[in-house]
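# Per-entry structural report
This is what each chain is made of:
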Amino acid sequence: MEKHQNNQLSFNPQVQVIHLSIDNMILKTDKNLFSWQENTSIFDAHPFFELLIGFTERTDDDEVINFPCIHLEDTSNARICDITFTLKKEETVVVIFDYTKKYKELNQIAQKKNESILLAKELELRNKYLLEKEEFKNSFITNLNHEIRTPLTSILGFIEVLEKTKLTFEQEELARIIKRESHHLNAIIDDMIDLSKIESGKLKIVEERFSFHKLIEGFNESYTQVAKDKQLTFKINLESTIQEYIIGDRTRVYQILNNILTNAFKFTEEGEITLSISKNYQRTNKLSLNFKVEDTGIGILEENLPYVFERFARFNRDKQIPGTGLGLAITKNLVELLHGEIKVTSIPENGTVFNIKLPFKFDVVKATPERKKKKYKLPERKNKFRILVVEDEEVTQYLIMKILISHGNFFVDVAINGEEAIKCIERRKYDLILMDLKISKMDGFQTTHVIRNSYGDKFISELPIIGFSGKTNDNIRDKCIRSGMDDFIAKPFEQEELIYKITKQISKKEATH
Amino acid sequence: MKLSKKVVLLGHFGVGKTSLFRRFMDNEFSEEYKVTLGVQIKKKVISLPSGKELSMVVWDIEGHSDSVKDTRKSYLLGSHAFIYVFDLTREETYITLNKDIEYLNENYIKTPIKVIGNKLDLVNEKEIKSHLTEQNIPYDCLTSAKTNKNVQDFFSDLAKEITS
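The structure displayed is predicted, hence computed values, not measured ones.

Criteria and thresholds
- Residues numbered from 1 in each chain as written.
- Chains lettered and ligands numbered in written order.
- Predicted model: local features only at pLDDT ≥ 70, side-chain atom pairs only at ≥ 80, totals over all residues.
- Helix = DSSP H or I, 4+ residues; strand = E, 2+ residues; numbered from the N terminus.
- Buried ≥ 20, exposed ≤ 12 C-beta atoms within 10 Å, placed from the backbone.
- Contact = placed C-beta atoms within 7 Å.
- Arc of directions from axis to C-beta.
- Pairing = 2+ DSSP bridges.
- Core = buried A, V, L, I, M, F, W, Y, C linked by C-beta atoms within 7 Å.
- Axes fitted to C-alpha atoms, helices over the stretch in contact; angles between N-to-C directions.
- Parallel < 35°, antiparallel > 145°, perpendicular 65-115°, else oblique.
- Left-handed = near helix turned anticlockwise from the far one by under 90°.
- Nonpolar A, V, L, I, M, F, W, Y, C, P; charged D, E, K, R; others polar.
- pLDDT = per-residue confidence, 0-100.

### Overview of the overall build of chain B
- Along its length, chain B carries five helices and six strands.
- For chain B, the α and β elements follow one another from N to C terminus as β-α-β-β-α-β-α-β-α-β-α.
- In chain B, buried positions account for 40% of the 164 residues.
- Of the contacts formed within chain B by residues at least 6 apart in sequence, a portion of 72% connects residues at least 24 apart.

Below you can see the structure in the form of structure tokens.
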């Protein structure tokens, strides 16, 4: 029935003509499409025709109304038709054009078009859901991090206190194990936080000038000792033309190399581990470095190589070898964030080679050396220094008290919330406040604001304040400084760092008065 | 003679007009999406509280993409009510609702318009609030053709309204 004309389909429909009386009875029909009987109501043929009830008013002029694409069916037929009503004064002429084939073809096109639009929407929604889920996961990890770090701070702190007491050999050994496992737990949390930050795009890459040679020397110092303990050889080949000071993200470069080296030492029981660093290219102030870490360890099976950088990829079943399976996933993500490349090759029982390319910049003008960490000394004084610890968790209060009192130079008072802290400083003179950021009544920021802005007495308004928290995102230190605090220390803190920061702030304050 | 009233289902494609149509007419539902081309028409006899019977002829019209103005005029001739259906999960199906209603009110002055938000089984109260209340989207009924929630009641109420 179809004719192809000018690349367009045209159809010759089958037609049925029906003559209706003014009260919609079938007077005459050819039954070409539907075998509706004469002298019956058209309303019995199909509900479509009940529309005619509304067209009671007729004029001398014929009125023609078209209804395209109407689905008509009777007991034996289902057709898709165009229908024309010609409303005459004495009768109605209904012409039915059967375009079933044409409309079924069009239907397929419309189906595909609409389905693709609906699918795109579905994918958009699914994507939105996944993003929300990811966001929830990341905020969950951040909160969990805070909840775990607080007790971990206490565990690590008390172990340090415990180690300084008189212990039997067995007790010393048990304390060492607790310390090692706590550090391991801390490392796992760091890994989880890093991965979640990378995946949510929150990890910011910083460009800083640092001593590259010193960084590598640091690896030499730490891993030579590890190698010695495991009776392995550790070698570093550093190309001599590489600049001492380069510009890049020192922390992330350290993390990348440290992860790869830790891995190499973990899976090597005999032989050697080599870190080689060479220049890939140097143009104007740009520099690309190749890092190669080779080991003579157990190697990786060929079928496992494609999955080495996946999260929780652990191919070694030996539970004695610690690890979360996150290290290499983080490493790859970090390398990519730094716009570098990482590749791995391996021969089972023979060893593994990791090749990393990282871009850096360097100063074309002569570089000045890095500043060393300044040393501070507590001022000479007859009496001890009085510290106010604002913290609501008993264990952390006790830990800080233990650390400070055992140091011998400090008295410690404790306030459990912001309001109590204010009462304390109004009652007594303090040399420094250690302020937890998350305390009740007023939080650490609000309490600092009150101290800085409500007192004419400079001894109170200029009191050194060090904030502390288990939350360790990049902005927290800046937030503390902006709110008027002098410094920030993250939980879990090392005794040495805590004492250093307290000493620094007290001696700085003393120097200005 | 029975009362006969023409009711037209309008709205964007994929909002569930045919699903509501099938649920009301035959108490059936299918997850499969099948596009409606043109119009399919069925009638159902509803008993009214007055004891009379109404023959409700429902026109399930192909969905529009942009605006109700795209709908063929002849399909709307002689209508006794319009049911404007939108999809509670797809904002683009109710973003033009206020304009579409305005157009229908201006061009079909005597024809009442009912607005249905369909696919109630896929959203929760919080989403309804954020999607509809905050965006000032008017509606008469929220339905789920899938679970049959509010479908029969809606058509019964409509039958009463257009015969009163």
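So much for the structure itself; the text now carries on.
### A word on the overall build of chain A
- When helices and strands are tallied, chain A shows eleven helices and 19 strands.
- In chain A, 62% of the contacts between residues at least 6 apart in sequence involve partners at least 24 apart.

### Quick word on helix H7 (residues 418–427) of chain A
Residues and elements named next belong to chain A.
- When we look at burial in H7, the residues that qualify are Gly418, Ala421, Ile422 and Ile425. The arc that holds every buried residue of H7, seen down its axis, measures 100°, which confines them to one face. Exposed and oriented more than 90 degrees from the buried face of H7 are Lys423 and Arg427.
- Among the structural elements, strand S15 (385–390), strand S16 (410–415), helix H8 (444–453) and helix H9 (458–461) are those in contact with the buried residues of H7.

### Notes on the pairing of strand S4 (residues 26–29) of chain A
All names here are of chain A.
- Note that strand S3 (residues 14–21) and S4 share three bridges and pair antiparallel. Residue pairing across strands places His19 opposite Lys28, the latter belonging to S4.
- Here S3 folds back onto S4 in antiparallel fashion, the turn holding four residues, of which Asn24 has a positive phi close to 65°.

### Thoughts on the interface of chain B and chain A
- Facing the 19 residues of chain B at the interface are 23 residues of chain A.
- Elements with a minimum of two residues in the side of chain B that touches chain A: strand S1 (3–10) and strand S2 (39–47) of chain B.
- Looking at which element gives the most residues to the side of chain B that touches chain A, the answer is S2(B), with five residues.
- Bridge count for strand S5 (residues 63–73) of chain A against S2(B) is two bridges, and the pairing is parallel. The residue of S2(B) that forms the bridge with His71(A) is Gln40(B).

### Notes on the nonpolar core
- Ranked by size, the top nonpolar core spans 56 residues in total, and within it Leu9(B), Leu10(B), Val58(B), Ile83(B), Tyr84(B) and Val85(B) carry the most contacts.
- Sort the elements by how many residues they give to this core and strand S3 (residues 53–61) of chain B lands first, with six residues.
- Those residues in contact with Leu9(B), other than ones at most four positions away along the chain, are Lys17(B), Leu20(B), Phe21(B), Val58(B), Trp59(B), Asp60(B), Ile61(B), Ile83(B) and Val85(B).
- Counting 32 residues, the second largest nonpolar core, distinct from the first, contains Val390(A), Ile403(A), Cys480(A) and Ile502(A).

### Section: the packing of H7(A) against H8(A)
All names here are of chain A.
- Interaxial distance between H7 and H8 falls to 9 Å at its minimum, and their mutual angle equals 25°. The orientation of H7 with respect to H8, classified from their angle, is roughly parallel. In this structure, H7 crosses over H8, and the sense of that crossing is right-handed. Residues Gly418, Ala421, Ile422 and Ile425 of H7 form the contact with H8, whose participating residues are Gln446, Thr447, Val450 and Ile451.
- For the contact of H7 with H8, the residue count by class is five nonpolar, three polar and no charged.

### Some remarks on the packing of helix H3 (residues 212–230) of chain A against helix H4 (residues 250–266) of chain A
All names here are of chain A.
- For the pair H3 and H4, the least separation of the axes is 11 Å and the interaxial angle reads 15°. With respect to H4, the element H3 is oriented roughly parallel. The way H3 lies across H4 gives a crossing that is right-handed. Each of Leu215, Phe219, Tyr223, Val226 and Lys230 in H3 lies in contact with H4, whose residues at this interface are Arg250, Val253, Tyr254, Leu257, Leu261 and Phe265.
- Residues belonging to the contact of H3 with H4 are distributed by class as follows: nine nonpolar, no polar and two charged.

### What about the environment of Thr29(A)?
- With respect to the helices and strands, Thr29(A) occurs in strand S4.
- Note: C-alpha distance between Thr29(A) and Val93(A) (64 residues apart in sequence) is 9.9 Å.

### Considerations on the sheet that holds strand S19 (residues 487–490) of chain A
Residues and elements named next belong to chain A.
- Reading across the sheet, the five strands line up as S16-S15-S17-S18-S19 and stay open at both edges, with parallel pairing between neighbours. Pairing within the sheet leaves two strands with one partner each, and these edge strands are S16 and S19. Averaged over neighbouring strand pairs, the angle between their axes works out to 25° when direction is ignored.
- Summarising the sheet, strand S18 (residues 465–469) and S19 pair through four bridges and their orientation is parallel. Each residue of the ladder has a partner; that of Phe468, found in S19, is Ile489.

### What to know about the sheet that holds strand S6 (residues 141–142) of chain B
- Spatially, eleven strands are ordered S4(A)-S3(A)-S7(A)-S6(A)-S5(A)-S2(B)-S3(B)-S1(B)-S4(B)-S5(B)-S6(B) in an open sheet, and the strand pairing comes out mixed. A strand with exactly one partner marks an edge of an open sheet, and here the two such strands are S4 of chain A together with S6 of chain B.
- The sheet contact formed by S2(B) and S3(B) spans nine bridges and is antiparallel. Residue pairing across strands places Lys42(B) opposite Val58(B), the latter belonging to S3(B).
- Each of S1, S2, S3, strand S4 (81–87) and strand S5 (113–118) of chain B is contacted by helix H1 (residues 17–26) of chain B, which is oriented at about 155° to S3(B), the strand it contacts most.

### Concerning the confidence of the model for chain A
- When pLDDT is averaged along chain A, the result is 86; 92% of the residues meet or exceed 70.
- Within the model, the stretch residues 1–10 of chain A combines pLDDT values under 50 with eight contacts to residues more than four positions away or in other chains.

### Remarks on the pairing of S15(A)
All names here are of chain A.
- Among the six residues of S15, five are classified as buried, and the element is accordingly described as predominantly covered.
- Inspection of the sheet shows S15 paired to S16 by six bridges, in the parallel sense. Counterpart to Arg386 in the pairing with S16 is Phe411.
- Pairing geometry for S15 and strand S17 (residues 432–436), over four bridges, is parallel. The partner of Ile387 across the bridge, within S17, is Leu432.

### Concerning unusual backbone geometry
- Of note in this structure, Thr284(A) is not a glycine but carries a positive phi near 40°.
- Mapping Thr284(A) onto the fold places it in the loop between strand S11 (272–283) and strand S12 (286–295).

### Points about the confidence of the model for chain B
- The pLDDT averaged across chain B works out to 91; a share of 99% of its residues lies at or above 70.
- For this predicted complex, the interface score ipTM comes out at 0.91, alongside a pTM of 0.51.

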